[in-house]
Amino acid sequence: MTFCLPCPTLALLALCAALAGCTGAEAPATADKPRGEAAQAPVPIVAPPANSLAGEWLKSPPGPEAKGCFTEERRPAVVETVTEHVLVEPEDRDPKTGAVLSPARYRTTTQARIVSGGGRMWFASVCAAEMTTARIAVLQRALWVRGLYAGPLDGQMSAATREAIRRYQTQRGLLSADLSLRAAREMGVVSWLATP
């Protein structure tokens, strides 16, 4: 039995074989790069920093050389609740059989302990003069897309808009209704390339 391939299929196979041989070929020489020199590594695209906004807090007020605007907030104290079971009366056992005559009694105590105290903290924020009606409308749309804002897209810094900003930032470690510069950049309200 003889098997024949149609001409277009043969041409396609020949083209694939020719292209397969090109992978090991050396790049042609150019005026600025001699033959055989390794190509320069591509410049990586720098991704935005990690997902948390908690690192935005500054523990001391920014100095006069700091560029941009800053917001001061009171960071709340971190409190942990500890529940303990304290032995009030030990169990009573029969000395001969070891059977429990009366079980042990415990008292439950709950205490709140301050893990770290609150304090004044600062973070880079979008300057009030830069929050135009158009930028606030972009912010509202960005919050709406994330399911955090349900009000009108009117470009007004309303109480609902500020509450949506608070929800967006709080879930990421920045407890404030004032828009941080980093959050504004992440939502596309301010460019990453813009200086503060």
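If you're wondering where the values come from, they're calculated on a predicted model, not measured in any experiment.

Caption draft 1: Inspection of the environment of tyrosine 149 at higher detail. For tyrosine 149, the location among the structural elements is in the loop between helix H2 (133-145) and helix H3 (159-170). Placed 12 residues apart in sequence, tyrosine 149 and threonine 161 show a C-alpha to C-alpha distance of 6.7 Å. Within the structure, tyrosine 149 has its side chain in polar contact with the backbone oxygen of proline 152 (distance 2.5 Å).

Caption draft 2: Representation of the nonpolar core in the model. With 23 residues, the main nonpolar core has Val126, Leu139, Leu143, Leu179 and Met187 as its most contacted residues. Secondary-structure elements contributing two or more residues to this core are strand E6 (119-125), H2, H3 and helix H4 (181-186). The contact partners of methionine 187, leaving out residues within four places of it in the chain, are Leu139, Ala142, Leu143, Arg146, Tyr168 and Leu179.

Caption draft 3: Broad picture of the side chain of threonine 161. Mapped onto the elements, threonine 161 comes out in helix H3. Under the relative-accessibility criterion, threonine 161 is labelled buried at 0%. At a separation of 3.0 Å, a polar atom in the side chain of threonine 161 contacts the side chain of glutamine 140. If sequence neighbours within four positions are ignored, threonine 161 has contacts with Leu139, Gln140, Leu143, Tyr149 and Gln156.

Caption draft 4: Local environment of the pattern of salt bridges. Counted according to the given criterion, the structure contains 10 salt bridges. For arginine 93, the salt bridge identified is with glutamate 91, shortest N-O distance 2.7 Å. Accessibility expressed as a relative area gives 42% for arginine 93, which makes it partly exposed. With a shortest N-O distance of 2.7 Å, glutamate 186 and arginine 172 are connected by a salt bridge. One end of the pair, glutamate 186, is in helix H4; the other, arginine 172, is in the loop between H3 and H4, and 14 residues separate them in sequence. A relative accessible area of 22% means that glutamate 186 is categorised as partly exposed. Via salt bridges that share partners, Glu163, Arg166 and Arg167 belong to a single interconnected network.

Caption draft 5: How the structure looks around H3. The end-to-end C-alpha distance of H3, which contains 12 residues, comes to 16 Å, matching closely the 16 Å that a straight helix rising 1.5 Å per residue would cover. Along H3, the residues that are buried comprise Thr161, Ala164, Ile165, Tyr168 and Gln169. One side of H3 holds all its buried residues, which, seen down the axis, span an arc of 125°. Buried-residue contacts for H3 involve H2 and H4.

About the cut-offs
Residues numbered from 1 in each chain as written. Predicted model: local features only at pLDDT ≥ 70, side-chain atom pairs only at ≥ 80, totals over all residues. Heavy atoms only, no water. Helix = DSSP H or I, 4+ residues; strand = E, 2+ residues; numbered from the N terminus. Polar contact = N/O pair within 3.5 Å; in protein donor to acceptor, adjacent residues only side chain to side chain. Core = buried A, V, L, I, M, F, W, Y, C linked by side-chain atoms within 4.5 Å. Buried < 20%, exposed > 50% of the residue type's maximum accessible area, 1.4 Å probe, protein only. Contact = heavy atoms within 4.5 Å. Salt bridge = Lys/Arg side-chain N within 4 Å of Asp/Glu carboxyl O. Expected span 1.5 Å × (residues − 1). Arc of directions from axis to C-beta.

The values reported here are purely geometric and, on their own, carry no functional implication.
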